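The lines below spell out each chain.
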Amino acid sequence: MASKPTTSKTKSNTPKRCIYSPSKVQQALDAIHKGMNTSTASRIFNVPRTTLRNKLEGKSPVESVGHGGVTSILGDETEALLVEWVLTCAKMGFPVDREGLLSSVKKLVDESEMKTPFINNRPGKKWFYGFMNRHKCLSQKHAEYVNKARGSVTEEKIRKWFDEVSELLGENLYVLNYPERVFNMDETCFYLAPKGELILGPRGCNVYDEQTNNNKENITTLFAANALGNWAPPLTIYKYERIPAKIAQSAPPGWGLGKSENGWMTAETFFEYMANIFLPHLIQSNISRPVIIFLDGHSSHLSLHLSKFCRENGLILIALYPNSTHILQPLDVAVFGPLKSSWKKTVKQWRIDNDREISKFDMPTALSNIMNTPNMSKNVQSGFRSTGLLPFNPNNVDYTKVIIRSVPTQQNTSKNNEIQLHLKFIEKNTDSNLLKEFKRAYIGGYEWDGDIKATMLFNLWSTCVTQTNNEKTRTESTSQATTFDSFDSYMSPTSAQLTTISLESTTMNNSSTSCQLENQPSTSHDSPTTLILPTRRSLTSVFEDVIKWPVQQVSKSKRKREYTPSVITSDRWVQFHELKEADKLKKDEERENKRKAIQDRKRVAEEKKKGKDIKKENTN
């Protein structure tokens, strides 16, 4: 028996759907109402017979609802109110989860005595996923933690901050037009054992990832980048009294290494980073000054010594509006997220490539590889744009991150606008002398004592003025843009202005260094101000040209303590350890030579004594 020929095409199980418009459905229903058979109407107007029967029997609405399937049990209007309620709660910082939505629907059904197929009037998972499918504007996600202080930030306060920054910069406002001269600095921590991604393992059994690193151990690193996407040398801070040679030798050249008692940023480490790493980077990169640096107002960034140093070297530090770094900090908005995501992958890949876990000694090298990817540079540029810092425009800020504390109604807005229009109309059509009398009485706080005919007009005018002032007081921001020059003005009133100041032959620990600012005759192009180490130096002079924290540390022990800077580059730390090792070998060699000399003297003395004894015996 011959077999049936096989074909390459397989029959699809997907049912065919007829393409028809709502007008065709209405025409078919009209024809049926006039006596036409349902099957005939379905064939003529190309509308499924089941669709027509469902509409005739009331199982589905006569008019199209814009989607297939049955209609919502609660109705479109009720679901629209639920969607608006969910979105409003999310904007106000009180997001609704699935259980909260289902409980609210149960309460709504109970109070309205609505008949539903829900068990105990509470919808289940099937209704929830159908609700989410019908309203694509909603989605399930993990909430980001925001404290109460961040929740108090408003759009009005941020816009006020932009205005104050423009006013305080004054003649230096033009610097914001040069992206290579606008920087952002911020520090973040990286865990040596970050929480991993999903892994493979046997079903129904726990899987453990054993690591030698403490899952809570983290290292702080300070990053600095300009609006062009170019990085300045970062700074990694370790919890050490002295930086080990292993860290200095493993870090990339030029990478900043710092130390502090707790491994966090301090006023001392930040000051020495600005003096020993960031400023030499600007000089080496030929970046004109003044330079504007946006950063958060942490206490480690606020010090009188730093304020004086920045003012003398053309560095303008501007603190972002408090508790708004998740909105205005470029590195926080667009860089740290992908940076830490890449860090997790790097930690895993490091374990595969090197057959060991990543350590704190390897962190600078691993971070350097992540930073040098092209996408990171684009992320930095995107961060400056999305925060409105460059181009400097408050309209570019993403205000959807602002938590709404109250929902203004259209009615209140219209009422306020109407009051302002009434006030303008009254003042425009009132005699100027009479208006002055109104203002005199209003400011004085006493009743109208002028023309009796104007009493009613005065009462109406004063009411409009009072309501307008109350509205302005409610919406005005108390924000204040903080600059380090204004901080220093508490000590020196003449330093409150932000101006370009030249440093004329500033002495830095017996090493004269001149810094060239913009629009001044160049006198040091042939010998730029960089910290160049000579080929041969002694251990006592290796840190002579390094700027240190002006406040000397007081040692509690009587033992002589070696005072080293908190922050220098990895190259300088390497040289320090090499010279220290060479000095140690030299001292060991001198000690050994001294010991040999003592032994030689003892041997000679013993030989002399032995010779005398032999001579004495021969004489006897």
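Our structure's up above, just so we're on the same page.
Each value, and the rule that gives it
Residue positions within a chain follow its written sequence, with the count starting from 1. The predicted nature of this model means local features are confined to residues of pLDDT at least 70 and side-chain atom pairs, given and counted, to a pLDDT of 80 or more, with totals for whole chains, interfaces and linings taken over all residues. Side-chain numbers come from the whole structure's heavy atoms, not from hydrogens or water. Every helix listed is a DSSP run of H or I at least four residues long, and every strand listed is a run of E at least two residues long, numbered separately from the N terminus. In this scheme, a residue with accessible area under 20% of its type's maximum is buried, one over 50% is exposed, and one in between is partly exposed, where area comes from a 1.4 Å probe on protein chains only. The contact rule is simple, with two residues in contact once any of their heavy atoms fall within 4.5 Å. In this analysis an axis means a line fitted to C-alpha atoms, helices contributing only their contacting stretch, and an angle means the value between N-to-C directions, from 0 to 180 degrees. Note on angle classes: values under 35 degrees are labelled roughly parallel, values over 145 roughly antiparallel, values of 65 to 115 roughly perpendicular, and the remainder oblique. Left-handed describes a crossing whose near helix is turned anticlockwise from the far helix through less than a right angle; right-handed describes the clockwise counterpart. In this count, Pro and Cys sit with the nonpolar residues alongside Ala, Val, Leu, Ile, Met, Phe, Trp and Tyr, while Asp, Glu, Lys and Arg are called charged and the others, Gly among them, polar. Here, expected helix span is obtained from the residue count minus one, scaled by 1.5 Å. The directions considered for the arc run from the helix axis to the C-beta atoms. Only rings of Phe, Tyr and Trp enter the pairing, Trp through its six-membered ring, and a pair is recorded when the two centres are within 6.5 Å. The plane angle decides the type: under 30 degrees is stacked, over 60 is edge-to-face, the rest tilted. Both a distance and an angle decide whether a charge sits over a ring: NZ of Lys or CZ of Arg must be within 6 Å of the ring centre and within 35 degrees of the ring normal. Here a salt bridge means any side-chain nitrogen of Lys or Arg lying within 4 Å of a carboxyl oxygen belonging to Asp or Glu. Identification of polar contacts relies on pairs of N or O atoms within 3.5 Å, with a donor-acceptor requirement for protein atoms, meaning one able to donate a hydrogen and the other able to accept it, and with residues adjacent in sequence counted only if both atoms are side-chain atoms. Working definition of a nonpolar core: buried Ala, Val, Leu, Ile, Met, Phe, Trp, Tyr and Cys residues. They are joined through side-chain atoms within 4.5 Å. Whether two strands pair comes down to DSSP finding at least two bridges between them. Throughout, right-handed denotes a crossover for which the path from the first strand over the helix to the second runs clockwise when the strands point away from the viewer.

A. Region of the structure containing the overall build of the protein. The helix and strand inventory of the protein stands at 21 helices and 10 strands. Looking at the protein residue by residue over its 620 residues, the buried ones come to 36%. Sequence separation of 24 or more characterises 70% of the internal contacts of the protein that already satisfy a separation of 6 or more.

B. Region of interest: the packing of helix α1 (residues 22–33) against helix α3 (residues 49–56). Two elements in contact, α1 and α3, have axes whose closest approach is 11 Å; the angle formed by their N-to-C orientations is 65°. If you check the angle between α1 and α3, you find them roughly perpendicular. Note on packing geometry: the crossing formed by α1 with α3 is right-handed. Counted together, Val-25, Ala-28, Leu-29, Ile-32 and His-33 of α1 and Leu-52, Lys-55 and Leu-56 of α3 form the full contact between these two elements. In the contact of α1 with α3, the residues fall into 6 nonpolar, 1 polar and 1 charged.

C. Spatial organisation of helix α8 (residues 155–169). Compared with the 21 Å implied by 1.5 Å per residue over 15 residues, the 21 Å span of α8 between its first and last C-alpha is a close match. Buried residues along α8 sit against β5 (291–295), β6 (315–319) and α12 (325–328). Downstream of α8 by a residue or two, Gly-170 has a phi angle that is positive, lying close to 60°.

D. Representation of helix α5 (residues 98–112). Given a rise of 1.5 Å per residue, 15 residues ought to cover 21 Å, and the 21 Å separating the end C-alpha atoms of α5 matches this to within 8%. When α5 is considered as a whole, its buried residues turn out to be Leu-101, Leu-102, Val-105 and Val-109. Projected onto a plane normal to the axis of α5, the buried residues spread over an arc of 95° and lie on a single side. Facing away from the buried side of α5 by over 90 degrees, the exposed positions are Lys-107 and Glu-111. Following α5 by one or two positions, Glu-113 adopts a phi angle in the positive range, close to 55°.

E. Fine view of the packing of aromatic side chains. Evaluation of the coordinates by the stated rule reveals 15 aromatic pairs. When the centroid spacing of 6.3 Å and the interplanar angle of 40° are considered together, the rings of Tyr-238 and Tyr-240 count as tilted. For Tyr-240, a relative accessible area of 23% gives the class partly exposed. Consider the rings of Phe-438 and Trp-461, whose centres lie 5.7 Å apart with planes at 35°: the pair is tilted. Highlighted residues: Phe-438 in helix α18 (residues 432–444) and Trp-461 in helix α19 (residues 455–475), separated in sequence by 23 residues. The same class applies to Phe-438 and to Trp-461, which are both buried. Cluster of aromatic residues (ring-pair linked, three or more members): Phe-190, Phe-223, Trp-231, Phe-336 and Trp-343. Sitting over the ring of Phe-128, Arg-98 keeps its end group 5.8 Å from the ring centre. For Arg-181, the ring lying beneath its charged end belongs to Tyr-178, and the centroid distance is 5.2 Å.

F. Just the pattern of salt bridges, in detail. All told, the structure shown has 9 salt bridges when counted by the stated rule. A salt bridge links Glu-79 to Arg-134; its shortest N-O distance comes to 2.7 Å. In this pair, Glu-79 sits in helix α4 (residues 76–91) while Arg-134 sits in helix α6 (residues 125–134), placing the two residues 55 residues apart along the sequence. Relative accessible area serves as the criterion here: at 2%, Glu-79 is assigned to the buried category. Across the pair Arg-122 and Glu-99 runs a salt bridge whose closest N-O atoms are separated by 2.6 Å. Taken as a pair, Arg-122 in the loop between α5 and α6 and Glu-99 in helix α5 lie far apart in primary sequence, 23 residues in all.

G. Layout of the environment of Phe-392. Take Phe-392: it is sitting in the loop between α16 (374–386) and α17 (410–428). Taking C-alpha positions, Phe-392 is 6.9 Å from Leu-176, a pair spaced 216 residues apart along the chain. With residues up to four places along the chain from it excluded, the contact list for Phe-392 reads Phe-162, Val-165, Ser-166, Leu-176 and Phe-294.

H. Layout of the environment of Asp-588. Note on placement: Asp-588 falls in helix α21 (residues 570–619). Engagement of the side chain of Asp-588 in a polar contact is seen with the side chain of Arg-591, the distance being 2.8 Å.

I. Up close: unusual backbone geometry. Looking along the chain, the bond that leaves Arg-289 and enters Pro-290 is cis, with omega of 15°. Geometrically, the link from Leu-390 to Pro-391 is a cis peptide bond, its omega value of 0° lying close to zero. Position of Pro-391 among the secondary structure elements: in the loop between α16 and α17. Even without being glycine, Asn-46 reaches a positive phi, approximately 60°. Looking at where Asn-46 falls in the secondary structure, it is placed in the loop between α2 (38–45) and α3. Among the residues examined, Asn-46 registers a relative accessible area of 43% and is labelled partly exposed. A positive phi is found at Asn-286, a non-glycine position, where the angle reads about 60°. Topologically, Asn-286 is positioned in the loop between α10 (267–284) and β5.

J. Local environment of the nonpolar core. Core analysis: the largest hydrophobic core is formed by 58 residues, its most contacted members being Trp-161, Phe-223, Trp-231, Phe-294, Leu-328 and Trp-343. The next biggest cluster of nonpolar side chains, apart from the first, holds 30 residues, and it includes Met-185, Ile-293, Leu-317 and Ile-547.

K. Seen up close, the pairing of β5. Of all 5 residues in β5, 5 are buried; the element is thus mostly enclosed. Every second residue of β5 is oriented toward a common face, with Val-291, Ile-293 and Leu-295 on one face and Ile-292 and Phe-294 on the other, all of them buried. Alignment of strand β1 (residues 182–191) against β5, held across 3 bridges, turns out to be parallel. Paired with Phe-183 across the strands is Ile-293, a residue of β5. Viewed along the sheet, the connection from β5 through helix α11 (residues 304–312) into β6 turns out right-handed.

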